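A look at the structure
Here is how the chains run, residue by residue.
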Amino acid sequence: MAGLADCLSFLRLLIARGDPKGIPLAMGAIDDYLAMAPVSARSRGLRVLQQDALELHVASVGVQRSFAETVDAYIERKLAQE
């Protein structure tokens, strides 16, 4: 699951920065992961990404927390579509 590991690392970096301009990059990374992941692994991968975003949300404050919430909400929408 190299695609998942790359997406996870990138999302962590974006959340740590907390720059709202990075939100489209985060959404793009999630979409890229979904495009390359086998159908059977998508939901599981999204849940891994979501869990990590939630853990970062708990440990963050301010813009980082808001960014993590946005990532979580986007993943939740994607899970509903799977």
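1. A few points about the pattern of salt bridges
Under the counting rule described, the total for this entry stands at 2 salt bridges. In this structure, R12 engages D52 in a salt bridge whose closest nitrogen and oxygen atoms are separated by 2.9 Å. One end of the pair, R12, is in helix α1 (residues 2–17); the other, D52, is in helix α3 (residues 39–59), with 40 residues separating them in the sequence. Judged by its relative accessible area of 40%, R12 falls in the partly exposed class.

2. What to know about the side chain of Q50
Along the chain, Q50 falls in helix α3. Polar side-chain contacts of Q50 include one of 2.8 Å to the side chain of D72. Once residues lying within four places of it in the same chain are set aside, the contact partners of Q50 are D72, I75, E76 and L79.

3. Comments concerning the environment of P24
With respect to the helices, strands and loops of the structure, P24 is situated in helix α2 (residues 23–36). Among the residues examined, P24 registers a relative accessible area of 57% and is labelled exposed. Spatially, the C-alpha atom of P24 lies 17 Å from that of L46, the residues being 22 residues apart in sequence.

What counts as what
Residues numbered from 1 in each chain as written. Predicted model: local features only at pLDDT ≥ 70, side-chain atom pairs only at ≥ 80, totals over all residues. Heavy atoms only, no water. Salt bridge = Lys/Arg side-chain N within 4 Å of Asp/Glu carboxyl O. Helix = DSSP H or I, 4+ residues; strand = E, 2+ residues; numbered from the N terminus. Buried < 20%, exposed > 50% of the residue type's maximum accessible area, 1.4 Å probe, protein only. Polar contact = N/O pair within 3.5 Å; in protein donor to acceptor, adjacent residues only side chain to side chain. Contact = heavy atoms within 4.5 Å.

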